[in-house]
Amino acid sequence: MRVVFWNCNGGFRNKIDCLLTLKADLYIVAEAEDPDKIKNQNYLSQVKEQRYLKFSRDRKGLLLFTFSNDLIQPLNWQNYRMRYFYPFTFRGFTFLGLWAKDNYIEDIYLYTSFHLKDLKKSILIGDFNSNVKWDNDHGYRTHSDFNNLMKQINHVSAYHSQERVSFGQEQQATFYMYRHYDRPYFIDYAYLPRDQAFHISYGDAKTYLVYSDHIPVILDLK
């Protein structure tokens with residue numbers, strides 16, 4: 001099963017076709033506008049299930065969709081007034097799709113600590129807006145602290161586990177500030193149980209920086 005996460009940087013209705021070339025079973029898109037604005041016939045003719053989370057006064061939210069007949073089933077987890085966390089099940093897997101806003105890793109740390117038991121068999125994927133390089137900016141709720149939470153439930157970062165690299169030493173970028181190649185950062189992640197078979201890859205920067213400052217995260221579950 002292929003899951004693709006992408007922060008589209010807004011205007012998703014004009015960027016759909018480039019994402020669909022990745023042929024995912026499940027798509028999670030951050031900074032997406034209301035799906036009622038989508039007029040793309042390629043999308044409308046194929047979409048079977050979509051879910052959308054947007055808070056009041058926000059112009060953009062988190063969109064989940066699939067072209068398969070499988071249901072995206074939301075889970076009723078308390079969000080404690082933190083944005084954007086979307087727990088759900090799909091094809092027998094439990095996912096937490098996320099787009100970190102406001103306090104970034106500090107909110108992620110709090111949300112996941114409150115739901116740690118629920119996350120034991122879950123897959124987390126999204127835009128964390130975070131890296132251990134910025135730990136000093138976040139007091140006692142840092143990305144390293146979050147990694148320690150994940151260790152408690154035997155979760156690993158897909159990229160770091162697969163490539164055998166340390167946090168903060170990433171050779172891959174997922175975000176290019178102002179879409180400049182000389183401003184690369186790794187801030188989009190997938191975390192999953194250590195015993196889950198997977199392969200992680202990323203969209204081509206030359207292709208996707210035309211549309212966004214992020215590139216897609218492609219997670220294949222085996």
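The sections below set out a description of the structure shown in this document. All values reported here derive from a predicted model rather than from experimental measurement.

1. Digging into the pairing of strand S4 (residues 61-66)
Within a regular beta strand, the side chains point alternately toward one face of the sheet and then the other, so they alternate between its two faces.
Right, so step 1: Most of S4 sits out of view: six of its six residues are buried.
Right, so step 2: Two strands pair when backbone bridges link them, and strand S3 (residues 49-53) and S4 are joined in this way by five bridges, in the antiparallel orientation. Bridge pairing in S4 links Gln 50 to Phe 65.

2. Comments concerning the environment of Glu 49
Right, so step 1: Topologically, Glu 49 is positioned in strand S3.
Right, so step 2: Along the primary structure Glu 49 and Asp 70 are separated by 21 residues, whereas in three dimensions their C-alpha atoms are 7.8 Å apart.
Right, so step 3: Apart from the residues within four sequence positions on either side, Glu 49 is in contact with Leu 64, Phe 65, Thr 66, Asp 70, Leu 71 and Ile 72.
Right, so step 4: Reaching out from Glu 49, the side chain makes a polar contact with the backbone nitrogen of Ile 72 at a distance of 3.1 Å.

3. A closer look at the sheet that holds strand S5 (residues 73-74)
Right, so step 1: Read from one edge of the open sheet, six strands run S5-S6-S7-S8-S12-S9, paired in mixed fashion. Of all the strands in the sheet, the pair left with one neighbour each is S5 and strand S9 (155-157).
Right, so step 2: In the sheet, strand S6 (residues 85-90) pairs with strand S7 (residues 93-99) via six bridges, with the strands oriented antiparallel. Following the sheet pairing, Thr 89 is matched in S7 by Thr 94.
Right, so step 3: Strand contacts of helix H4 (residues 143-152): strand S8 (122-127), S9 and strand S12 (188-193), with the helix running at about 20° to S12, the strand carrying the most contacts.

4. Section: the packing of aromatic side chains
Right, so step 1: Tallied over the entire structure, the rule returns 26 aromatic pairs.
Right, so step 2: Relative to Tyr 111, the ring of Phe 85 lies with its centre 4.1 Å away and its plane at 5°, an arrangement referred to as stacked. With Phe 85 in strand S6 and Tyr 111 in helix H3 (residues 105-114), this pair connects stretches of sequence that are 26 residues apart. Per residue, the accessibility class of Phe 85 equals that of Tyr 111, and both read buried.
Right, so step 3: Taken together, Phe 128, Phe 146, Tyr 159, Phe 186, Tyr 189, Tyr 191 and Tyr 202 form an aromatic cluster joined through their ring pairs.

5. Here we look at the pattern of salt bridges
Right, so step 1: The final tally for this structure, using the stated rule, is nine salt bridges.
Right, so step 2: Between Glu 33 and Arg 13 there is a salt bridge, with the nearest N and O atoms lying 2.3 Å from each other. Taken together, the residues Glu 33 in the loop between strand S2 (26-32) and helix H2 (41-44) and Arg 13 in the loop between strand S1 (2-7) and helix H1 (16-20) connect sequence positions 20 residues apart.
Right, so step 3: Taking the relative accessible area as the measure of exposure, Glu 33 reaches 5% and is therefore buried.
Right, so step 4: Taking the relative accessible area as the measure of exposure, Arg 13 reaches 37% and is therefore partly exposed.
Right, so step 5: A salt bridge links Lys 60 to Glu 31, with the shortest nitrogen-to-oxygen separation between them at 2.8 Å. Residue Lys 60 is found in the loop between S3 and S4, and its partner Glu 31 is found in strand S2; the two are separated by 29 residues along the sequence.

The rules behind each value
Residues numbered from 1 in each chain as written. Predicted model: local features only at pLDDT ≥ 70, side-chain atom pairs only at ≥ 80, totals over all residues. Heavy atoms only, no water. Buried < 20%, exposed > 50% of the residue type's maximum accessible area, 1.4 Å probe, protein only. Helix = DSSP H or I, 4+ residues; strand = E, 2+ residues; numbered from the N terminus. Pairing = 2+ DSSP bridges. Contact = heavy atoms within 4.5 Å. Polar contact = N/O pair within 3.5 Å; in protein donor to acceptor, adjacent residues only side chain to side chain. Axes fitted to C-alpha atoms, helices over the stretch in contact; angles between N-to-C directions. Phe/Tyr/Trp six-rings, centres within 6.5 Å; stacked < 30°, edge-to-face > 60°. Salt bridge = Lys/Arg side-chain N within 4 Å of Asp/Glu carboxyl O.

Nothing here speaks to function; it is geometry throughout.
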